[in-house]
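Examination of the molecular architecture
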Amino acid sequence: MAAASAARTDRRPVAGGVHDPRAGKTFISWGGFQEDNYVQEYDHRLAVWSAPVRVAGGDNDSHNYPTLIQADDGHLLVFRGLHNRELWVARSPEPHSIAGTWTDTIIPEGLGATYPMPVKTSTGDIFVFIRETAGDFDPAFPTDTRPMKYVRSTDDGLSWQSSTALTGDRWCIAPLNRADNMNEIYLGQIRVEGDRIAMVWTLAGGGPEGHLHDRYHRNVYYATFSPADLRFRSAAGRDLGTSVDDADQERYLKVAATELQTVNPRSPDYISLVGSTLGGRAPFVVWMQLDAQARVHTHSAVHLAGIGWRATELGTGARVRDMEPADDVSWRVHATPDPAATGVDTYRLVPGLPWRRESTLATPQPIQRIEVIAGHHRPARLLLTGASSAREVTVADGDVYVAG
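Now for a quick tour of the structure. Note that the coordinates shown come from a computational prediction; the quantities given were computed from them, not determined experimentally.

1. Some words on the overall build of the protein
Helices and strands together make up the secondary structure of the protein, namely two helices and 33 strands. What you see for the protein is a C-alpha radius of gyration of 20 Å, in line with the 22 Å of a compact globule of 404 residues. Projected onto its principal axes, the C-alpha coordinates of the protein cover approximately 55 × 45 × 40 Å. Relative to its full complement of 404 residues, the protein shows a buried share of 61%. Of the accessible surface of the protein, which amounts to about 15300 Å², a share of 50% is contributed by carbon and sulfur atoms. If the 40 positive side-chain charges of the protein are averaged to one point and the 49 negative ones to another, these points end up 4 Å apart.

As structure tokens, this is what we get:
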């Protein structure tokens, strides 16, 4: 799709691409030199890819990756958060196409945005979940106070309201004033499941060393969010209201408790996955932990009615990137080898049971990110971003692939 074009990115497995059945096209997004935001389209009738189209600047920051959804009016929307400062959206000039000059506008309601995660609900409303560094706007908050909020559009992304305006809550997930200083939220993934949005996260912060940004990670949590009433609920269905505080998450939302560790302290990993099985009755999550030798251990937990969360260690040697339903009870989990090597490994997972290796896809270079394309249509099912040779986003030599 785009050879030697992608820079390193911190994008989570959310909104990398979308299939448009009306146009017969698949649209993808990726971050290039200086994390500038690019899109491409694949015409399924002609079996050809367009040239990359630059839709916005990335401000030379790997946090400012593009995330792409398609509004109900057919227009494509590409979101980026200028790290801890602003939320922007680029809009395609025509529906069902990337052609032409895109508009690029700030969303004032997204002040302080980092890590934009957009989803479109079954009613066509668009939510973008973002994280705020509270201390940038109020010096009373230490650097490791980084809660979540969101913005919502009910008119295909033309206007927006903040979660504060909608609910009166300053933030929607805010574990403030923890004794262990773990007051930062890292959402691993969010997923629309019918009339709810499922999400999984881990905590970060300074731990016993004081107020430090992203020094340690801790624990895994799960919740659902209802777009209809703007309320959060636990896996057991407990209504937590329009915002989640630390007491809520510790009592009702904790999937797994993990200890702070001084060796490889950012464990659990930033990326975690969320889904459900048995017709949505059994939510589950997948996450990664690192041991003292930096080996990645993959874990899964499923929530069963009347039992609670049941966790299983799936094994070592795989970094999970994204997943998709395979049938009514099992999922395909797409992973990259650990330690880093070329290729993509796919595992079949029945939540609550061990997984099994299903297939391996060869790639010319190691892969840094995988996203399942929304509504995918063959041959464009997975968006694979090749690893850049450097951490600085002034180096953009990773390949961009799409696999069927």
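2. Observations concerning unusual backbone geometry
P268 follows S267 through a cis peptide bond whose omega is 10 degrees. Inspection of the secondary structure puts P268 in the loop between strand 23 (254-256) and strand 24 (273-277). Omega for the bond connecting D338 with P339 falls within 30 degrees of zero, at 0 degrees, which places this linkage in the cis form. One non-glycine residue, N264, lies in the positive phi region at around 50 degrees. Looking at where N264 falls in the secondary structure, it is placed in the loop between strand 23 and strand 24. Using a relative accessible area of 23% as the deciding quantity, one classes N264 as partly exposed.

3. Side note on the pattern of salt bridges
Under the definition given, this model contains 32 salt bridges. Between D104 and R80 there is a salt bridge; the shortest N-O distance is 2.9 Å. With D104 in strand 10 (residues 103-107) and R80 in strand 8 (residues 76-82), this pair connects stretches of sequence that are 24 residues apart. D327 serves as the salt-bridge partner of R348, at 3.5 Å between the closest nitrogen and oxygen. Here the residue R348 occupies a position in strand 30 (residues 342-349), and D327 occupies one in the loop between strand 28 (318-325) and strand 29 (331-337), the gap between them amounting to 21 residues.

4. Here we look at the pairing of strand 25 (residues 282-290)
Burial analysis of strand 25 places nine of its nine residues in the buried class, the great majority of the element. Alternating residues of strand 25 divide into A282, F284, V286, M288 and L290 and P283, V285, W287 and Q289, and every residue in both groups is buried. By the bridge criterion, five bridges tie strand 24 to strand 25 in an arrangement that is antiparallel. Bridged to L273 within strand 25 is V286. Counted between consecutive antiparallel strands, the loop separating strand 24 from strand 25 contains four residues, among which L278 sits at a positive phi close to 55 degrees. Examined bridge by bridge, strand 25 and strand 26 (residues 296-304) share seven bridges and lie antiparallel to one another. Pairing of W287 across the sheet is with H299, part of strand 26.

5. Overview of the packing of aromatic side chains
Using the criterion set out here, one finds 16 aromatic pairs in the structure. Centroid distance Y347 to W355: 4.0 Å. Interplanar angle 15 degrees. Geometry classified as stacked. Using a relative accessible area of 8% as the deciding quantity, one classes Y347 as buried. Chaining the aromatic ring pairs together yields one cluster made of F127, F129, Y150, F225 and F232. Seen from the ring of Y115, R12 lies directly overhead, with NZ or CZ sitting 4.6 Å from the centre. Sitting over the ring of Y186, R131 keeps its end group 4.4 Å from the ring centre.

6. Concerning the nonpolar core
Grouped together as the largest cluster of nonpolar side chains are 40 residues, with contacts concentrated most on F129, M199 and W201. Broken down by secondary-structure element, the contributors of at least two residues to this core are strand 8, strand 9 (86-91), strand 11 (113-120), strand 12 (126-132), strand 14 (148-153), strand 17 (183-193), strand 18 (196-205) and strand 19 (216-226). The greatest single-element share of this core, amounting to five residues, is contributed by strand 12. Discounting chain neighbours no more than four positions away, the residues touching M199 are F129, I173, L187, Q189, I190, Y221, Y222, A223, F225, F232 and V274. Residues V286, W331, V333 and Y347 belong to the second largest nonpolar core, which totals 19 residues.

Here is what the cut-offs are and how they apply
- Residues numbered from 1 in each chain as written.
- Predicted model: local features only at pLDDT ≥ 70, side-chain atom pairs only at ≥ 80, totals over all residues.
- Heavy atoms only, no water.
- Helix = DSSP H or I, 4+ residues; strand = E, 2+ residues; numbered from the N terminus.
- Rg over C-alpha atoms; globule rule 2.2 N^0.38 Å.
- Buried < 20%, exposed > 50% of the residue type's maximum accessible area, 1.4 Å probe, protein only.
- Areas by Shrake-Rupley, 256 points an atom, 1.4 Å probe, with all protein chains shown as cover.
- Lys, Arg positive; Asp, Glu negative; His and termini not counted.
- Charge placed at Lys NZ, Arg CZ, Asp CG, Glu CD.
- Salt bridge = Lys/Arg side-chain N within 4 Å of Asp/Glu carboxyl O.
- Pairing = 2+ DSSP bridges.
- Phe/Tyr/Trp six-rings, centres within 6.5 Å; stacked < 30°, edge-to-face > 60°.
- Lys NZ or Arg CZ within 6 Å of the ring centre and 35° of its normal.
- Core = buried A, V, L, I, M, F, W, Y, C linked by side-chain atoms within 4.5 Å.
- Contact = heavy atoms within 4.5 Å.

So, to be careful, I would describe these as geometric facts and stop short of saying anything about function.
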